[in-house]
Amino acid sequence: QVQLVESGGGLVQAGGSLRLSCAASGRTFMSYPMGWFRQAPGKERQFVAGINWSGSNTVYADSVKGRFTISRDNAKNTVYLQMNSLKPEDTAVYYCAAEGGSDYFGRKQEEYDYWGQGTQVTVSS
């Protein structure tokens with residue numbers, strides 16, 4: 001069983017930056033691919049970024065490519081999402097997720113086995 005706890009959300013002006021963290025419990029964290037998703041009010045949850053178990057491979061949604069960076073520190077059981085050049089349309093609840101059964105770290109939500117409770121990010125114009 002893996003428990004995920006996100007932090008680092010908040011209110012920021014357009015053009016600003018935030019770094020989200022996702023702390024995971026469990027000794028096997030380093031073997032799990034991880035993903036970040038977000039859900040804006042009235043919209044479906046969507047993929048933001050994914051990272052493989054070692055951190056050597058990453059994938060991003062087109063809407064955040066070049067602005068967001070996903071990374072992980074397996075020694076700290078933590079995955080990060082550095083968000084720069086934030087836009088009002090980035091406003092959403094951000095969730096981290098862990099994939100416990102394979103090497104998948106893509107955009108299919110149904111492939112992920114564990115989810116955090118989410119952290120709110122609000123970008124003002």
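Structure: above.
Note that the structure is predicted; figures quoted are calculated from it, not measured.

What follows concerns the packing of aromatic side chains. All chains considered together, the criterion is met by six aromatic pairs. Look at Phe37 and Tyr112: their rings are 5.2 Å apart centre to centre, the planes differ by 80°, and that puts the pair in the edge-to-face class. Pair noted here: Phe37 is in strand E4 (residues 34-39) and Tyr112 is in the loop between strand E9 (92-98) and strand E10 (114-115), with a separation of 75 residues, a long-range link. One exposure class covers both Phe37 and Tyr112, and it is buried. The interplanar angle of 70° and the centroid separation of 6.2 Å between the aromatic rings of Tyr104 and Tyr112 together place this pair among those described as edge-to-face. According to the relative accessible area criterion, Tyr104 is partly exposed, its value standing at 23%. Owing to a relative accessible area of 5%, Tyr112 belongs among the buried residues under this scheme. An aromatic cluster of three or more residues is present, and its members are Phe37, Phe47, Tyr104, Tyr112 and Trp115. Over the ring of Tyr95 we find Arg45, and its NZ or CZ is 5.3 Å from the ring centre. Here the guanidinium or amino end of Arg45 rests over the ring plane of Trp115, the centre of that ring lying 3.8 Å away.

Okay, the state of the cysteines next. Covalently bonding the sulfur atom of one cysteine to the sulfur atom of another cysteine gives a disulfide. Here the structure, examined in full by the defined rule, presents one disulfide. Across the disulfide, Cys22 is cross-linked to Cys96 (sulfur-sulfur distance 2.0 Å). Since a negative S-S torsion denotes a left-handed disulfide, the Cys22-Cys96 link at about 50° is right-handed. With Cys22 in strand E3 (residues 18-24) and Cys96 in strand E9, this residue pair connects regions lying 74 residues apart in the sequence. Both residues of the pair, Cys22 and Cys96, count as buried.

On to the sheet that holds strand E8 (residues 78-83). The four strands are arranged E1-E3-E8-E7 in an open sheet whose pairing can be described as antiparallel. On the outer flanks of this sheet lie strand E1 (4-7) and strand E7 (68-73), each paired with one strand and no other. If you compare each strand with its neighbour and ignore which way they point, the axes differ by 15° on average. As judged from the six bridges shared by E7 and E8, these two strands associate in the antiparallel manner. Each residue of the ladder has a partner; that of Phe68, found in E8, is Met83.

The rules behind each value
- Residues numbered from 1 in each chain as written.
- Predicted model: local features only at pLDDT ≥ 70, side-chain atom pairs only at ≥ 80, totals over all residues.
- Heavy atoms only, no water.
- Phe/Tyr/Trp six-rings, centres within 6.5 Å; stacked < 30°, edge-to-face > 60°.
- Helix = DSSP H or I, 4+ residues; strand = E, 2+ residues; numbered from the N terminus.
- Buried < 20%, exposed > 50% of the residue type's maximum accessible area, 1.4 Å probe, protein only.
- Lys NZ or Arg CZ within 6 Å of the ring centre and 35° of its normal.
- Disulfide = S-S within 2.5 Å.
- Pairing = 2+ DSSP bridges.
- Axes fitted to C-alpha atoms, helices over the stretch in contact; angles between N-to-C directions.

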